[in-house]
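Each chain is listed here by its residues.
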Amino acid sequence: MNAVALGFDRTVLELKMYSREKEAVFFGFLFPVVMLTLFSVIFNDEITEGTATMSAAEFFLPGMVSAGILLTSFQTMAMSVAVERDDGTLKRLRSTPMPAVSYFLGKVGLVVVTALAQQVLLLGVAKFAFGADLPTTADGWLTFGWVFALGAIAGTVLGTAYSSLATARSIGAVVVAPMLILQFISGVYFDFGGIPSWLQQVAAIFPLKWIAQGMRSVFFPDELATLEMAGSWEPGRTALILGAWAIGGLILCVLTFRWFKRGTT
Amino acid sequence: MTAISIRGLVKEYGTKRAVDGLDLDIGTGEVFALLGPNGAGKTTTVEILEGFRTRDSGEVSVLGEDPEKANRVWRNRIGIVLQSSAGLDLLTPREIIASTARTYATPRAVDDVIAAVGLEEKADERIAGLSGGQRRRLDVGLGIVGRPELLFLDEPTTGFDPQARRDFWELIRSLAAEGTTILLTTHYLDEAEQLADRVGVIAGGQLLALDTPANLGGRASEEATVSWAEGGQRQTLRTATPTLEVRRLAERFSGEVPELVVSRPTLEDTYLSLIAPHVIDEGAAHTNASQEVMA
């Protein structure tokens, strides 16, 4: 079989493993849906944001969409590659004639399927369970599409590169703690405008802030653009920064990727 | 025809020479067992041959190619049975064997592999529920599914019960009968004796002895021990002509010699005497080190 067919075969295998691992399904896949549900139940009243009022589901939806993208791309990749490097899965794959690219295609397939399914679920719950308004224009969905794609690509390559920082034993802590901090300072759980400006500057270095801003531009009324750091949605800069992270992450991946545990070559 | 050729192989970790000028040839179709104590350089040597480790100097050729420059075509001709199949818990044996099979040009049928390693009853159950021996057999199945010309087996029967080991040996013999070249590392000397055409003993990164299991370390020509019971005591005699001694005893006892045993040094005896200097060296080094710490 050729590399692409083997990549598809790996995707099927990856999806089987992912769906059979209850922790991954809950903490990666369902987590944003659970959080959105919780927020919607806890905050009963309309939330006033600037000049607009909206339901809790509508207020938190862009954040949960953004967190979901990072969980299914970055967290999935960082954790699975670190574990597979340590438990010898990568070595076993390397002992077969499977081309290296098929392994990565399998991972990309896993991220694409889980991330898309998660977004469909998240938007479905927001709309049908909590009556959130979804974009009605093609432009809105186009923006959703490219922010989602760039965010997921950046998350995938950065997660793969990040996996080299930890062992299977430490990867849980090494991934979850920075992810949590990043989610807090990037305006996923809070109103980004309420965060001190120096912390906004820190958050602006990382991709999550830009994914969240891009998603706010999709789901929030246009007049709320004035509450952003620059006073506008900055779609051009968002694309540029996410694109830079994606390319930088890919280069980092190529430079740092190891098939074997440290100290075994 | 040589499947594996090693000349002057050296691998260093820091100042320690794990492999220290190793020379070895393994013929096509041969079953070769590499024996040695822990830390002897077995795994390092085998992993260099598998293309998993780099070497510091020396020449290595495996199926006519340098494993450091191994490509997919070369990998297609090689089978590797790794020491553990962790990370497969969430899959079934059939799923992972089928997926592995697809990476090879001319794989065996998945059902044939499952039957050959005796996992028919567990084929569709999660690997998490397999016993240690069943997992090992799965590892072997993954190693042979690509119909390799050369198979690497690293301590394949560790954790097997006696029946599972005998079944496994039959499997290896059938692979050897098909012409597969097999390089085996093992701690079990009876395993080497049962399976191997030739045995190499390695310690301190060097080859100490290389011969057939029957002849290793001059076993075949060494004196035999004849012992029997007489006058309530065990009598023992070392002799180069055991048959003559037994005939004499038979005449003296005019029939059955009580509790007669004729033995030669076992492979284990020979092996232990071969590696003894290296084991003692290591012990002495430890003693010196601890004395230095005390001082």
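Once a new chain begins, its residue numbering starts again from 1 and follows that chain's sequence as written. Going through the entries in the order they are written, you letter the chains from A and number the ligands from 1. Confidence filtering applies because this is a predicted model: local features only for residues at pLDDT of at least 70, side-chain atom pairs given and counted only at 80 or more, and all residues used for totals across whole chains, interfaces and linings. Hydrogens and water are ignored here; the side-chain numbers use all heavy atoms of the structure.

Asks: How should the overall build of chain B be read in this particular structure?
Replies: By the criteria applied, helices consist of DSSP H or I runs no shorter than four residues and strands consist of E runs no shorter than two, each listed in order from the N terminus. Within chain B, the regular secondary structure consists of 9 helices and 12 strands. Seen through its C-alpha atoms, chain B measures out along the principal axes to roughly 70 × 55 × 45 Å. Each residue is assigned to one of three classes by its accessible area relative to the maximum for its type, calculated with a 1.4 Å probe on protein chains only: buried under 20%, partly exposed between the two thresholds, exposed over 50%. In chain B, which comprises 295 residues, the share counted as buried stands at 46%. When contacts within chain B are restricted to residue pairs at least 6 apart in sequence, long-range pairs at least 24 apart make up 64% of them. Here, Shrake-Rupley sampling with a 1.4 Å probe gives the accessible areas, and only protein chains in the shown set may cover a residue. Here chain B displays about 13900 Å² of accessible surface, and carbon together with sulfur accounts for 50% of that area. The charge count treats Lys and Arg as positive and Asp and Glu as negative. His and the chain ends do not count. Lys charges are placed at NZ, Arg charges at CZ, Asp charges at CG and Glu charges at CD. For chain B, the centre of its 31 positive side-chain charges and the centre of its 45 negative side-chain charges are spaced 2 Å apart. The contact definition used throughout considers only heavy atoms, calling two residues in contact when any of these lie within 4.5 Å.

Asks: Where do I start with the nonpolar core in this structure?
Replies: In globular proteins that are soluble, nonpolar side chains generally tend to be buried together. What we call a nonpolar core is a set of buried Ala, Val, Leu, Ile, Met, Phe, Trp, Tyr and Cys residues that are connected through their side-chain atoms within 4.5 Å. Membership of the largest hydrophobic core comes to 58 residues, with the highest contact counts inside it found for L61, M64, V65, M215 and F219 of chain A. For this core, the secondary structure elements donating two or more residues are α2 (22-42), β2 (52-54), α3 (56-86), α5 (100-129), α6 (138-162), α7 (171-185), α9 (207-219) and α10 (235-256) of chain A. Looking at which element gives the most residues to this core, the answer is α3 of chain A, with 14 residues. Apart from the residues within four sequence positions on either side, M215 of chain A is in contact with P62, V65, S66, I69, F144, V147 and F148 of chain A. Formed by 48 residues, the second largest nonpolar core is a distinct cluster that contains I96, V110, A164 and V199 of chain B.

Asks: Looking at this structure, how should I read the UniProt feature "transmembrane region" (unreviewed entry) in chain A?
Replies: All names here are of chain A. This chain's UniProt record puts "transmembrane region" (unreviewed entry) on residues 24-43, 63-83, 104-129, 141-159, 171-190 and 239-260. Taken end to end, residues 24-43 has its terminal C-alpha atoms 27 Å apart, with 95% of it in helix and 0% in strand. A distance of 35 Å separates the end C-alpha atoms of residues 239-260, which is 82% helix and 0% strand. UniProt positions are given in the numbering used here, feature names are shortened, and annotations may be inferred rather than shown by experiment.

Asks: Which parts of the structure should I look at to understand the pattern of salt bridges?
Replies: Pairs may arise between side chains of opposite charge once their charged atoms sit close together. A carboxyl oxygen of Asp or Glu within 4 Å of a side-chain nitrogen of Lys or Arg is what we treat as a salt bridge. With the rule as written, the count across this model stands at 30 salt bridges over all chains. We note a salt bridge from E84 of chain A to K107 of chain A, for which the minimum N-O separation is 3.2 Å. A residue pair is termed long-range when its members are at least 10 positions apart, and E84 of chain A in helix α3 and K107 of chain A in helix α5 qualify at 23 residues. K107 of chain A shares its class with E84 of chain A; the two are buried. A salt bridge links R173 of chain B to E170 of chain B; its shortest N-O distance comes to 2.7 Å. A residue pair is termed a helical-turn pair when its members lie 3 or 4 positions apart in one helix, as R173 of chain B and E170 of chain B do in helix α6 (residues 162-177) at 3 residues. Classification of R173 of chain B as partly exposed rests on a relative accessible area of 30%. Salt bridges here are not isolated pairs; linked through shared partners, they connect R10, E14, E84 and K107 of chain A.

Asks: Looking at this model, I keep getting lost on the packing of helix α1 (residues 3-20) of chain A against α5 of chain A. Mind explaining?
Replies: Helix-helix packing: each pair is described by the crossing angle between the helix axes and the interaxial distance. Residue and element names in this part refer to chain A. α5 packs onto α1 with a crossing angle of 50° between their chain directions and a minimal axis gap of 7 Å. Taken as axis vectors, α1 and α5 run oblique relative to one another. Where α1 crosses over α5, the handedness of that crossing is right-handed. From α1, A3, V4, L6, G7, R10, T11, E14, L15 and Y18 reach across to α5, where they touch V101, S102, Y103, L105, G106, K107, G109, L110, V113 and T114. All amino acids are sorted into three groups, where Ala, Val, Leu, Ile, Met, Phe, Trp, Tyr, Cys and Pro are nonpolar, Asp, Glu, Lys and Arg are charged, and the leftover types, Gly among them, are polar. Across the contact of α1 with α5, the residue classes break down as 10 nonpolar, 6 polar and 3 charged. Throughout, an axis means a line fitted to C-alpha atoms (over the contacting stretch in the case of helices), and angles, computed between N-to-C directions, take values from 0 to 180 degrees. To sort the angles, those under 35 degrees are grouped as roughly parallel, those over 145 as roughly antiparallel, those from 65 to 115 as roughly perpendicular, and the leftovers as oblique. In a left-handed crossing the near helix is turned counterclockwise from the far helix by less than a right angle, and in a right-handed crossing that turn is clockwise.

Asks: What am I meant to see in the confidence of the model for chain B here?
Replies: Low pLDDT means the predicted atomic positions in that stretch should not be read closely. Residues and elements named next belong to chain B. Per-residue confidence from the predictor is reported as pLDDT, a score between 0 and 100. The share of residues in chain B with pLDDT of 70 or more is 93%, and the mean pLDDT across the chain is 87. A low-confidence stretch, residues 282-295 (pLDDT under 50), is modelled with 0 contacts involving residues beyond four sequence positions or located in other chains. Model confidence for the complex is summarised by a pTM of 0.84, with the ipTM given as 0.85.

Asks: Sorry, what's going on with the domain arrangement of chain B here?
Replies: Interfaces are frequently sized by the accessible area removed from exposure as the parts join. All names here are of chain B. Taken domain by domain, chain B comprises domain 1 (28-39 + 72-210) and domain 2 (217-293). Where a domain begins and ends is set by an automatic assignment or by a domain database. When each unit is reduced to the centre of its C-alpha atoms, the spacing between domain 1 and domain 2 is 34 Å. With 11 residues of domain 1 at the contact, the number on the domain 2 side is 7 residues. As used here, buried area is the combined drop in accessible area, with a 1.4 Å probe, of two parts when they are placed together. Ranking the residues of domain 1 by area buried against domain 2 places L189, E193 and L208 at the top, with a combined share of 49%. Summed over the shared surface of domain 1 and domain 2, the result is 0 salt bridges. Here a polar contact is recorded for every N or O atom pair within 3.5 Å, except that within protein the pair must consist of a potential hydrogen donor and a potential acceptor, and residues adjacent in sequence are included only if both atoms are side-chain atoms. Here domain 1 is connected to domain 2 by 1 residue pair in polar contact (both at pLDDT 80 or more). Broken down by secondary-structure element, the contributors of at least two residues to the side of domain 1 that touches domain 2 are α7 (189-195), β8 (198-203) and β9 (206-211).

Asks: Hey, could you run me through unusual backbone geometry in this one?
Replies: With the exception of glycine, the majority of residues adopt a negative phi angle, and the majority of peptide bonds are in the trans configuration. All names here are of chain B. A positive phi angle, close to 40°, is found at S254, a residue other than glycine. Inspection of the secondary structure assignment puts S254 in the loop between α8 (242-253) and β12 (261-263). With relative accessibility at 65%, the residue S254 sits in the exposed group.

Asks: I would appreciate a short explanation of the layout of surface pockets in the present structure.
Replies: Residues and elements named next belong to chain A. The computed volume of the largest pocket comes to approximately 830 Å³. The definitions used throughout rest on a 1 Å grid laid over the protein atoms alone, on which a cavity is an enclosed set of points accommodating a 1.4 Å probe that cannot get out and a pocket is an open set flanked by protein within 12 Å on both sides along at least five of seven lines; lining residues are those having an atom within 4 Å of a point. Considering the residues around the largest pocket, the lining is formed by 30 residues, among which E21, E23, A24, M79 and S80 are closest to the centre. If you list the elements that add at least two residues to the lining of the largest pocket, you get α1, α2, α3, α5 and α7. Broken down by element, the lining of the largest pocket gets its largest block of residues, 7 residues, from α3. Its residues assigned to classes, the lining of the largest pocket comprises 15 nonpolar, 8 polar and 7 charged. Grid points are joined across faces, edges and corners, and a volume is the space filled by probe spheres set on the points.

Asks: Please clarify how the packing of α3 of chain A against α6 of chain A should be interpreted in this entry.
Replies: Residues and elements named next belong to chain A. The N-to-C vectors of α3 and α6 enclose an angle of 30°; their axes lie 7 Å apart at closest approach. The angle between the axes of α3 and α6 places the two elements in the roughly parallel class. Here the hand of the crossing between α3 and α6 comes out right-handed. Of the residues in α6, those in contact with V65, I69, S73, F74, M77 and A78 of α3 are F144, F148, G151, A152, G155, T156, L158, G159, T160 and Y162.

Asks: What is the right way to look at the interface of chain B and chain A in this model?
Replies: Listed by partner, the interface residues are 25 residues for chain B and 21 residues for chain A. Across the interface of chain B and chain A, roughly 2400 Å² is buried in total on both sides, 57% from carbon and sulfur atoms. The three residues of chain B that bury the most area against chain A are F52, R72 and L90 of chain B, which together make up 26% of that side's buried surface. Between chain B and chain A we count 4 salt bridges in total.

Asks: Could you clarify how one ought to interpret empty space enclosed by the protein in this entry?
Replies: Rolled over the atoms, a probe sized like a water molecule indicates the empty space that remains. All names here are of chain A. Evaluation of the coordinates by the stated rule reveals 3 cavities of 30 Å³ or more. By volume, the largest cavity is sized at about 180 Å³. Secondary structure elements with two or more residues in the lining of the largest cavity: α3 and α9. Looking at which element gives the most residues to the lining of the largest cavity, the answer is α3, with 4 residues. For the lining of the largest cavity, a count of residues per class yields 13 nonpolar, 3 polar and 4 charged.

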